[in-house]
Each structure stands twice: as C-alpha cells, then as structure tokens.
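Reading the structure
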Amino acid sequence: MYENEDSAPVRYDLLVVGSANADLVIGVDRRPAPGETVLGSDLAVHPGGKGANQAVAAARLGARTALLARVGDDAHGRLLLESQQDAGVETGGVLVGGAPTGVALITVDPSGDNSIVVSPGANARLTPEDIKAAGPLFRAARVVSVQLEVPLETVAEAARSLAPGSRLVLNPSPPAPLPEDVLTACDPLVVNEHEARYILGILGDTAGPAPEDWTRTLLTHGPRSVVVTLGAAGALVADGRTADCVRVPSPEVDAVDTTGAGDAFTAALAWRLGLGEDLAAAAAFAVRVGAAAVTGQGAQASFPTAAEVAAL
Ligand code: ADP
C-alpha cells in the first residue's frame, strides 16, 4: 500500500467520473428519412458511455479502477453494473436511481454510417453534491479521469475535489466551452482532432495549422499538459513544463471498428501516468491499447488485456 501526499491510503490507480449508457443498436439497409419508418435487424444492447468505457478499459488492463457514475433503477442500469463488475471495476460509487439509465439509440447502415440519439437520463442527474459525497473515493485515487457526458458543473466539482498529489485527466467529449479552472487543472487535456479544432475555434478549417501547432497552442489555453490523438497516426504529447511536443506513432493494425478507441487510449494513458510514467511513455503504451481496441468490433468488447497489448 502506498500513500497519497495527504497520507490517505491509495486504493485505486484510477477513478473514472463519467457517463454510463446502454447502446441500443439496430442495423438498417438505409437510415430513415424524416417521417419514414424502416425495418431493421434484431436489437443489440451493449454497455457504453465514455465513463463506463474508460473504467472497463483500465480494469481490463489490470488497473485498480473505481467508477463514479449514475444509472437508473432498471434493466439497463443492471447491465451496466454487471459489465463493470465483470471487468473488475469497483462499483460502490455507482449511484442508482433518479432517472432512467442513459441510452444511445443507434441506427447503422451497411456502409457503417450511423445516426445516434442520446438520452442522457441518469447521467444528467450526476450532481456536484454527488461528487462532494464521494470524498473518500477521491482521496483513494491517484488519477481522476473525466469526460463531458455528465453536467459541466459536476466535472468542475470533480476538478476541485482532487486530493493533493492526484492528477486530473480530461477528455472534453462531446466538446463544450470549458471554464478556466477546469482547463488549468488538466494534466493532461486529451483531445482528438475534432475536439482540438473545437477548442481552438478552427472547426471546418481543414487547411489550418499542423497538429504540432494545435498541440502547442492548446497548451497556451491553460492545461498543464496536452495529448492530441490522431487515429491511425497515433498521438502528439506536449508537457507545459518542458514545452516539448513529441509524436508517438501507433502500431499498424487492420482496423475493424474504431468505436471506443479514444476511451481505451485515455484510460490506458491515465493509468500509466498514475504509475509514474512520463507523458511520452504513457502515450506510447496508450497508442498500443487504442490500436488493439480498433481490431475488434464494438467498444467495451474490443478492449484488450495487458497480455493482448504485449502481443500486438
Ligand atoms: P477517437 O476515438 O476519440 O476519435 P482516435 O481516433 O484519435 O480517437 O483514436 C485514439 C487512439 O486509438 C489513437 O491515438 C490510436 O492509438 C488508436 N487508433 C485509432 N484508430 C486507429 C487505427 N486505424 N490504427 C491504429 N491505431 C488507431
């Protein structure tokens, strides 16, 4: 057992604070036009949501992981709790009730294009008070990872609740304007290309600056460090303490389904940073986890074990 700086025992490598959704997926020949009804395949129900995905990804790699989330008192909530527990996630922090479990209604056509409607449900009821009531979890975690599928004020409270010596990893997805105190707490801010462009205000500007330039510019927005993921091209990392910008290539793999790749990457990165690795070393591991995740179908079902990452 090791100790945090405030001498609370550290029991978790990673605390994930975020969403848990049931993904309801129907395959269709053609996605319906307005007013149209189409027949589709049998319904498939998968555990998802960025918070739940990250927690499963970390635990499957061997990280001691806890999840702070809210689900409904319903069958989808039970499915989500079960998938967390199967992966070895500590679920004592998962609150139950207040609204139905969040769902994503997904129609996907043969080309892989999809249309998605999300009902945040219980995720929207994860409140700052819920965060305040989870002090022991925060004190027991060396890294706290958050995303934006729960209310922004809840994310801000999580950033304020970090124990001394713990670090915050934020993936601002779906992108939204971030308060300065949240941005400056990030170490790192983890963004994909779309999220980077949103924060920089250059959405649609495809001829804009090179990713190395975005990464350095993102640092000037206040985070202590920045990681930009670039799909098959890997990731860029920049640490405000050195201002170095390092490119970390991803292994070449046959990509089957990229769903959840960013969640697997971020979970792996957060875990390794908590173990004391520097940003480039943690990202070098995380790109392997992201690459492994794209070789399988689905999100949580595709997340690798440490042995599978080593074999890549
Ligand atoms: P997001 O899923 O958030 O859009 P990315 O597409 O950038 O994020 O993927 C996250 C990480 O997953 C990448 O940094 C990379 O390591 C890995 N990855 C994604 N797509 C591929 C791919 N086609 N080949 C290899 N690795 C990939």
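Anyway, here's the lowdown on the structure attached to this text. (Residues numbered from 1 in each chain as written. Predicted model: local features only at pLDDT ≥ 70, side-chain atom pairs only at ≥ 80, totals over all residues. Heavy atoms only, no water.)

**Some remarks on the nonpolar core**
Of all hydrophobic cores here, the largest spans 45 residues; its most connected members are V227, F265 and L269. Every element with two or more residues in this core is listed here: β1 (14-17), α1 (50-61), β4 (65-71), α2 (75-87), β12 (235-239), α9 (261-274) and α10 (279-293). Excluding residues that lie within four positions of it along the chain, L269 makes contacts with P188, V190, V227, L279, A282, A283 and A286. Grouped together as the second largest cluster of nonpolar side chains are 41 residues, L68, L178, A185 and W214 included. (Core = buried A, V, L, I, M, F, W, Y, C linked by side-chain atoms within 4.5 Å. Buried < 20%, exposed > 50% of the residue type's maximum accessible area, 1.4 Å probe, protein only. Helix = DSSP H or I, 4+ residues; strand = E, 2+ residues; numbered from the N terminus. Contact = heavy atoms within 4.5 Å.)

**Some remarks on the sheet that holds strand β6 (residues 102-108)**
Spatially, the 4 strands line up as an open sheet ordered β3-β2-β6-β7, and their pairing is mixed. The strands lining the two open edges of the sheet, one partner per strand, are β3 (44-48) and β7 (114-119). Adjacent strand axes in the sheet meet at a mean angle of 20 degrees, parallel and antiparallel pairs treated alike. In terms of strand pairing, strand β2 (residues 21-27) meets β3 through 5 bridges, oriented antiparallel. By the bridge assignment for β3, V25 is matched with A44. Relative to β3, α2 is tilted by about 55 degrees, and along the sheet it contacts β2, β3 and β6. (Pairing = 2+ DSSP bridges. Axes fitted to C-alpha atoms, helices over the stretch in contact; angles between N-to-C directions.)

So far we have only geometry, and geometry alone does not tell us how the molecule works.
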